[in-house]
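# Reading the structure
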Amino acid sequence: MALIVQKFGGTSVGSVERIQNVANRVIAEIQQGNQVVVVVSAMGKTTDELVSLAKQISVSPSKREMDMLMATGEQMTISLLCMALKEKGYEAVSLTGWQAGIQTEAIHGNARIEHIQTERVQGLLNEGRIVVVAGFQGITADKEITTLGRGGSDTTAVALAAALQADKCDIYTDVTGVFTTDPRYVKTARKLQSISYDEMLELANLGAGVLHPRAVELAKNYHVSLEVRSSMELERGTIVEEEASMEQNLIVRGIAFEDNVSRVTVVGMEDQLHTLPTIFTTLAKHQINVDIIIQSIISSGEPSISFSVKTDDLQKTVDVLSQYADTLGYERIEHESGLAKVSIVGSGMVSNPGVAADMFEVLAGEKVEVKMVSTSEIKISTVVNQAEMVRAVEVLHQAFQLDAEMAGAK
Ligand code: ADP
Ligand code: ASP
Ligand code: MG
């Protein structure tokens, strides 16, 4: 008898009919003789609606109360799914994050799981019950409810699979697997049979919303066998594993992108040695996440530093830099929004030095201006105008032969 963790995302539980469908998918595993722990998200756009309700009441609601509010979304789904299972003749028990023993650090809105006390879930499984756990939430040592960051139900599922030493963790969603790029934007995107943890982690971190990055990190660290598949269709999904056994030699396996990127440039730093670290320490203290950094040391002109931030953080970034203008010592700040980040990812890049050049050439051929670049062993990210984002993804997708027509060609 295998232990399987099944996770169903928001769209998959978005209506009564969909919840019935999920119940059937759970029952199918039980009928195979397996034990099942189910993790569910809030129904459809419930979490967005809860956030919007809060914003109508307060421009900056307390993070504690936001967590209290957002955690209710998943609680609705667990009880409804258990009722559906019961109606179909199966014994299921719903548990909130804290009831399932999911302990997190004391950070509201983006807490990391520290530990899972599995006794209760294990006990219920031993009694032959199906256990349905609310995703995205946990509890601190001080008994405060926390959430794990948007998209965090994936992380709940993988963490439970690791803690319970489950045989497998299936992530059921609204696409049939992990594609070469987001299939909602690029029609020729192709489903991958498998992808390595490292490649998936890069894609997830670079904007491919199909998996929560921390879920992939956990799966890698605890060797959780992961499959991303459709809740509506029966076909097999994408296996996320140590080394992608298929298509191993692909230089580029996928393309990720994200919009709402802004570039900030600090021009005319008086004392570069001192200003450079101080800028980033100051931004970090104000919880501003800086992404790509480019420093230009111009011997004759003004030394400047450019970096990218999420557009949501742009105003705060400018305010903080202005507030500390005297201590930082610079001439002026320039900024530009309406940008996007487009990244190519593939483990084959390590041994192929010309990939960046190919990427720039393809973009130049399409007259897409590259405003910033950053690279690692298995990825190259470029910042481009947001208006050109999808076109850039499409031409790169074609140039690196990721299109559906090319399936099986490599
Ligand atoms: P869920 O609610 O099930 O967690 P998400 O919306 O979080 O679903 O993730 C699924 C979505 O991820 C898809 O609908 C798709 O638009 C998006 N996505 C982005 N990049 C990819 C990719 N490379 N492969 C598949 N889906 C992707
Ligand atoms: N309901 C949460 C969200 O919308 C968590 C999740 O769906 O994974 O972000
Ligand atoms: Mg998700």
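Below: a short report on this structure. (Residues numbered from 1 in each chain as written. Chains lettered and ligands numbered in written order. Predicted model: local features only at pLDDT ≥ 70, side-chain atom pairs only at ≥ 80, totals over all residues. Heavy atoms only, no water.)

## Describing the overall build of the chain
Spelled out, the test is: Numbering goes from the N terminus for both helices and strands, where a helix is a DSSP run of H or I of at least four residues and a strand is a run of E of at least two. The globule rule is 2.2 Å times the number of residues to the power 0.38, and the radius of gyration it is compared with is taken over C-alpha atoms. In this scheme, a residue with accessible area under 20% of its type's maximum is buried, one over 50% is exposed, and one in between is partly exposed, where area comes from a 1.4 Å probe on protein chains only. Throughout, a residue-residue contact means that at least one pair of heavy atoms, one from each residue, lies within 4.5 Å. Areas reported here follow the Shrake-Rupley algorithm with a probe of radius 1.4 Å; residue values treat only the protein chains shown as occluding.
Looking only at helices and strands, the chain has 12 helices and 18 strands in total. Its C-alpha atoms give the chain a radius of gyration of 23 Å, within 12% of the compact-globule value 22 Å for 410 residues. Overall size of the chain, expressed as C-alpha extent along the three principal axes, is 80 × 55 × 35 Å. For the chain, buried positions account for 50% of its 410 residues. Across the chain, contacts joining residues at least 24 apart in sequence account for 75% of those joining residues at least 6 apart. For the chain, the computed accessible surface area is about 18,900 Å², with 49% contributed by carbon and sulfur atoms.

## Topic: the nonpolar core
Cut-off, in case you're wondering: The criterion is simple. A nonpolar core is a set of buried Ala, Val, Leu, Ile, Met, Phe, Trp, Tyr and Cys residues joined through side-chain atoms within 4.5 Å.
Grouped together as the largest cluster of nonpolar side chains are 45 residues, with contacts concentrated most on Val37, Cys169, Met200 and Leu226. Ranked by the residues each element gives to this core, the list is headed by helix α5 (residues 153–163), at 6 residues. Ignoring any residue separated from it by four or fewer positions in sequence, one finds Leu226 in contact with Val158, Cys169, Ile171, Leu211, Ala219, Thr238, Ile239 and Val240.

## Focus: the site of ligand 2
Defined as follows: A cutoff of 4 Å decides nearness: a residue is near a molecule or strand if any of its heavy atoms lies inside that distance of it. Residues adjacent in sequence count toward polar contacts only when both atoms are side-chain atoms; beyond that, a polar contact is any pair of N or O atoms within 3.5 Å, and within protein one must be able to donate a hydrogen and the other to accept it.
Lining the immediate surroundings of ligand 2 are Ser41, Ala42, Thr47, Glu74, Phe136, Arg150, Gly151, Gly152 and Ser153. Take Ser41: an N or O atom from its side chain is 3.1 Å from an oxygen atom of ligand 2. Taking Thr47, its side chain carries an N or O atom lying 2.8 Å from a nitrogen atom of ligand 2. In isolation ligand 2 offers 260 Å² of accessible surface; the protein chains occlude 86% of this area.

## Here we look at the layout of surface pockets
Once rolled over the atoms, a probe with the size of a water molecule shows which space is left empty. This is how the line gets drawn: Cavities and pockets are defined on a 1 Å grid built over the protein atoms alone: a cavity is a set of grid points where a 1.4 Å probe fits but cannot escape, while a pocket is an open set with protein on both sides within 12 Å along at least five of seven lines, and lining residues are those with an atom within 4 Å of any such point. Grid points are joined across faces, edges and corners, and a volume is the space filled by probe spheres set on the points. When residue character is reported, Ala, Val, Leu, Ile, Met, Phe, Trp, Tyr, Cys and Pro are called nonpolar, Asp, Glu, Lys and Arg charged, and the others, Gly included, polar.
If you add up the space inside the second largest pocket, you get close to 300 Å³. Lining the second largest pocket are 14 residues, with Ile113, Glu114, Ala159, Leu218 and Tyr222 sitting closest to its centre. Elements with a contribution of two residues or more to the lining of the second largest pocket: β5 (113–116), α5 and α7 (213–221). Per-class residue counts for the lining of the second largest pocket are 7 nonpolar, 3 polar and 4 charged.

## A closer look at the site of ligand 1
Ligand 1 sits among 16 residues. The nearest are Thr173, Asp174, Phe179, Asp182 and Arg184. Take Asp174: an N or O atom from its side chain is 2.9 Å from an oxygen atom of ligand 1. Starting from 570 Å² of accessible surface for ligand 1 in isolation, the protein chains cover 83%. Looking at the shell around ligand 1 residue by residue, the class counts come to 6 nonpolar, 6 polar and 4 charged.

## Brief notes about the packing of helix α6 (residues 197–205) against α7
The test is simple: Angular values range over 0 to 180 degrees, each being the angle between N-to-C directions of two axes fitted as lines to C-alpha atoms, with helices fitted over their stretch in contact. Angle categories: roughly parallel below 35 degrees, roughly antiparallel above 145, roughly perpendicular from 65 to 115, and oblique for all the rest. It is the rotation of the near helix from the far one that decides the hand of a crossing: anticlockwise by less than a right angle makes it left-handed, clockwise makes it right-handed.
For the pair α6 and α7, interaxial distance at closest approach is 8 Å and the crossing angle is 165°. Taken together, α6 and α7 sit at an angle that is classed as roughly antiparallel. When you trace α6 past α7, the crossing you get is left-handed. In contact with Tyr197, Asp198, Met200, Leu201, Ala204 and Asn205 of α6, α7 contributes Pro213, Val216, Glu217, Ala219 and Lys220. Its residues placed into classes, the contact of α6 with α7 shows 7 nonpolar, 1 polar and 3 charged.

## Brief notes about the pairing of strand β17 (residues 372–376)
Looking down a regular strand, the side chains alternate between one sheet face and the other. In plain terms, the rule: Pairing between two strands is assigned when DSSP locates at least 2 bridges connecting them.
Inspection of the sheet shows β17 paired to strand β18 (residues 379–385) by 5 bridges, in the antiparallel sense. Of the residues in β18, the one forming a bridge with Ser376 is Lys379. Count of turn residues in the β17/β18 antiparallel hairpin: 2 residues.

## Overview of the pattern of salt bridges
To keep things clear, this is the line we draw: One side-chain nitrogen of Lys or Arg within 4 Å of one carboxyl oxygen of Asp or Glu is enough to make a salt bridge.
Under the defined criterion, the tally for this structure stands at 25 salt bridges. Among the ionic pairs, Arg150 bridges to Asp48, the shortest N-O distance being 2.9 Å. Placement of the pair is Arg150 in the loop between β8 (145–147) and α5 and Asp48 in helix α2 (residues 46–57), with a sequence separation of 102 residues. For Arg150, a relative accessible area of 48% gives the class partly exposed. Exposure remark for Asp48: the relative accessible area of 36% places this residue in the partly exposed category. Residue Arg263 pairs with Glu336 through a salt bridge whose shortest N-O separation is 3.0 Å. Residue Arg263 is located in strand β13 (residues 254–267), and its partner Glu336 is located in strand β16 (residues 332–345); the two are separated by 73 residues in the primary sequence. By relative accessible area, Glu336 is classed as partly exposed at 25%. The network of salt bridges with shared partners includes Lys168, Asp170, Glu227, Arg229 and Arg236.

## Topic: the sheet that holds strand β14 (residues 293–296)
Taken together, 6 strands build an open sheet; the order of strands is β14-β15-β13-β16-β18-β17 and the sheet is antiparallel. Where the open sheet ends on each side, the last strands, each with one partner, are β14 and β17. Looking at each pair of strands side by side, their axes are set apart by 30° on average, direction ignored. Here β14 pairs with strand β15 (residues 304–310) via 4 bridges, running antiparallel. Pairing of Ile294 across the sheet is with Ser306, part of β15. Its contacts with the sheet place helix α11 (residues 355–365) against β16, β17 and β18, and it is angled at close to 20° to β18.

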